[in-house]
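Residues per chain, in single letters:
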Amino acid sequence: MSEINRLKEIVETLRSENGCPWDKAQTHTSLKPEVIEEAAEVVSGINILDKTGDAENLKEELGDLLLQVMFHSVIAEEEGLFTFDDVAKTVSEKMVRRHPHVFAGVTYNSKEEQHAAWEKIKKAEKAGKEWYADYLPEAFEEAKELIEKAKERKGYK
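Parameters at a glance
Residues numbered from 1 in each chain as written. Predicted model: local features only at pLDDT ≥ 70, side-chain atom pairs only at ≥ 80, totals over all residues. Heavy atoms only, no water. Helix = DSSP H or I, 4+ residues; strand = E, 2+ residues; numbered from the N terminus. Buried < 20%, exposed > 50% of the residue type's maximum accessible area, 1.4 Å probe, protein only. Areas by Shrake-Rupley, 256 points an atom, 1.4 Å probe, with all protein chains shown as cover. Phe/Tyr/Trp six-rings, centres within 6.5 Å; stacked < 30°, edge-to-face > 60°. Axes fitted to C-alpha atoms, helices over the stretch in contact; angles between N-to-C directions. Parallel < 35°, antiparallel > 145°, perpendicular 65-115°, else oblique. Left-handed = near helix turned anticlockwise from the far one by under 90°. Contact = heavy atoms within 4.5 Å. Nonpolar A, V, L, I, M, F, W, Y, C, P; charged D, E, K, R; others polar. Salt bridge = Lys/Arg side-chain N within 4 Å of Asp/Glu carboxyl O. Expected span 1.5 Å × (residues − 1). Arc of directions from axis to C-beta.

(A) Focus on the overall build of the protein. When helices and strands are counted, the protein shows eight helices and zero strands. Counting from the amino terminus, helix and strand elements in the protein follow one another as α-α-α-α-α-α-α-α. Considered along the principal axes of its C-alpha atoms, the protein spans approximately 55 × 40 × 35 Å. A buried classification covers 20% of the 157 residues belonging to the protein. By element, 58% of the accessible surface of the protein is carried by carbon and sulfur atoms, the whole surface being about 11300 Å².

(B) Focus on the packing of aromatic side chains. Under the defined criterion, the tally for this structure stands at two aromatic pairs. The interplanar angle of 75° and the centroid separation of 6.1 Å between the aromatic rings of tryptophan 131 and tyrosine 135 together place this pair among those described as edge-to-face. By relative accessible area, which is 48% here, tryptophan 131 ends up partly exposed. Residue class for tyrosine 135 comes out exposed when judged on its relative accessible area of 53%. Grouping aromatic residues by their ring pairs yields a cluster made of Trp131, Tyr132 and Tyr135.

(C) Region of interest: the packing of helix H1 (residues 3–14) against helix H4 (residues 56–78). At a minimum axis separation of 10 Å, H1 and H4 run at an interaxial angle of 60°. Between H1 and H4, the angle falls in the class oblique. As for the relative orientation of H1 and H4, their crossing is right-handed in sense. Where H1 abuts H4, its residues Ile4, Leu7, Lys8, Val11 and Glu12 lie against Leu66, Leu67, Met70, Phe71, Val74 and Glu77. In terms of residue class, the contact of H1 with H4 is made up of eight nonpolar, no polar and three charged.

(D) Focus on the pattern of salt bridges. For the structure on display, the rule yields 14 salt bridges. In this structure, the salt-bridge partner of lysine 154 is glutamate 41, at a minimum N-O distance of 3.1 Å. Of the two residues, lysine 154 sits in the segment after helix H8 (136–153) while glutamate 41 sits in helix H3 (residues 32–52), which places them 113 residues apart along the sequence. Residue classification places lysine 154 among the partly exposed residues on the basis of a relative accessible area of 43%. Judged by its relative accessible area of 17%, glutamate 41 falls in the buried class. Two residues, lysine 144 and glutamate 141, come together in a salt bridge whose shortest N-O distance is 3.0 Å.

(E) Layout of H3. Here H3 spans 30 Å end to end across 21 residues, near enough to the 30 Å set by a 1.5 Å rise per residue. All of the buried residues along H3 are Glu37, Glu38, Glu41, Val42 and Gly45. Within H3, the buried residues cover an arc of 150° as seen down the axis, which keeps them to one side. Set apart from the buried face of H3 by more than 90 degrees, the exposed residues are Asp50 and Lys51.

(F) Geometry of the side chain of arginine 98. Tracing the sequence through the fold places arginine 98 in helix H5 (residues 84–98). If we ignore the near neighbours within four places in the chain, the residues touching arginine 98 are Trp118, Ile121, Lys122, Glu125 and Lys126.

Right under this line is the structure:
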């Protein structure tokens, strides 16, 4: 069994009838603080790696962030929305689509031309979904608030 499948089974067990009451009660909304906190801890792990060369904390924190992705994916699967495989497939397809110079033999004459092509691809992907961006400013404000609450919980203020 791959480790990703093992992680999925662990999360499913935690959310099962005989699982953990806290884990069973979680929703996409209730887990927002954890997602923000784990992302900040990944940044901290990167800073530790940059300053000390020690990758252990980064490895642990990336695992915690992956747990959040898996948790949301399992909840979404329970709700009939999508699966973890759907998430992985979506990002894989996006990376291939946005990197035709790597995966489709396209050649660019400069970094600027490559960046312009990337922007054009991204714009085409978002066509008809431009309204998604309307939610981003609110999400950044919410993230700031969640970071402040996380700092308080951890005793950093």
